[in-house]
Amino acid sequence: MSHKQILLVLTLTLASVFSLAQQKPIEIHDELAPQASASRRVALTLDACSGQYDDDLIEFLIRNRIPATIFATKRWLDHNSFGVSVIKAHLDLFDVEDHGENHVPAVIGVGRKVYGIPGEPDLIHLRREVTEGARAIERVTGVAPHWYRGATAVYDPQAIAEIGKLGYRIAGFSFVRLDQVDLQEIQDTVEKRSKERGVGQ
Ligand SMILES: [Zn+2]
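Predicted, not measured: the structure shown is a model, and the values here were computed from it.

(A) A look at the pairing of strand S3 (residues 68–72). Of all five residues in S3, five are buried, a share of seventy percent or more. As paired strands, strand S2 (residues 45–48) and S3 are joined by four bridges and run parallel to one another. In the sheet register, threonine 45 faces S3, and the bridge partner there is threonine 69. For S3 and strand S4 (residues 94–98), the ladder comprises five bridges, and the chain directions are parallel. In the sheet register, alanine 68 faces S4, and the bridge partner there is phenylalanine 94.

Have a look at this one:
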């Protein structure tokens, strides 16, 4: 597989999200913004939430020189020092972006949950989740993140607005759960989706 076939799925049309003006939380995916440049790209993105470092996956990406964006929580960075060291040694391939401090979904209101995970009681807590996650990444990698993907990738409109005010773009996603597929399937899926979207030529 060429590098061109695996590149970026990160771009998201925030304007279209705001225009929905929904009260209920929004799950952002398949919201690809048209690229002005000739080279439209698809990105492989991974979430490092609260679990363990997956060395099979990361080594596969390194061996095959497949770039990926890793959305990491502060919690994950704090508990996976070996994984962090491998990723840091390959920042030419890996971009580390913000997945929050403690993997709390970006829905606001006491008692609210997404997939059983409690959200934020208020915007102050959301701000901390976003900014402390970013600070941890900059401390570890030396590079400040610019993208935010909240836990569960479900967002309240007010959370989307707040994350934007903090200076982050919200990253959607479009495909597979990596813990439920094998690596060959990932490769096949990326190639298939790239073809379907007519990208990576
Ligand atoms: Zn996550």
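Moving on from the coordinates now.
(B) Seen up close, unusual backbone geometry. For arginine 65, which is not glycine, the phi dihedral falls at a positive 55°. One can find arginine 65 in the loop between helix H2 (55–63) and S3. Of note in this structure, threonine 152 is not a glycine but carries a positive phi near 70°. With respect to the helices and strands, threonine 152 occurs in the loop between strand S7 (147–148) and strand S8 (154–155). When the 21 C-beta atoms within 10 Å are taken as the criterion, threonine 152 is described as buried.

(C) Layout of the nonpolar core. In terms of nonpolar packing, the biggest core is built from 30 residues, with Ile70, Ala72, Tyr148, Ala159, Ile163 and Ile170 touching the most fellow members. Elements represented by at least two residues in this core include exactly H2, S3, helix H3 (74–79), S4, helix H5 (123–141), S7 and helix H6 (157–165). For this core, the element with the highest residue contribution is H5, accounting for five residues. Those residues in contact with tyrosine 148 that sit more than four places away from it in its chain are Asp98, Val130, Ile163, Tyr168, Ile170 and Ala171.

(D) Fine view of the environment of alanine 89. Structurally, the position occupied by alanine 89 is in the loop between helix H4 (81–88) and S4. You can call alanine 89 exposed: it has 11 C-beta atoms within 10 Å. Alanine 89 sits 52 residues away from threonine 141 along the chain, and the two C-alpha atoms are 9.6 Å apart.

Definitions and cut-offs
Residues numbered from 1 in each chain as written. Predicted model: local features only at pLDDT ≥ 70, side-chain atom pairs only at ≥ 80, totals over all residues. Buried ≥ 20, exposed ≤ 12 C-beta atoms within 10 Å, placed from the backbone. Helix = DSSP H or I, 4+ residues; strand = E, 2+ residues; numbered from the N terminus. Pairing = 2+ DSSP bridges. Core = buried A, V, L, I, M, F, W, Y, C linked by C-beta atoms within 7 Å. Contact = placed C-beta atoms within 7 Å.

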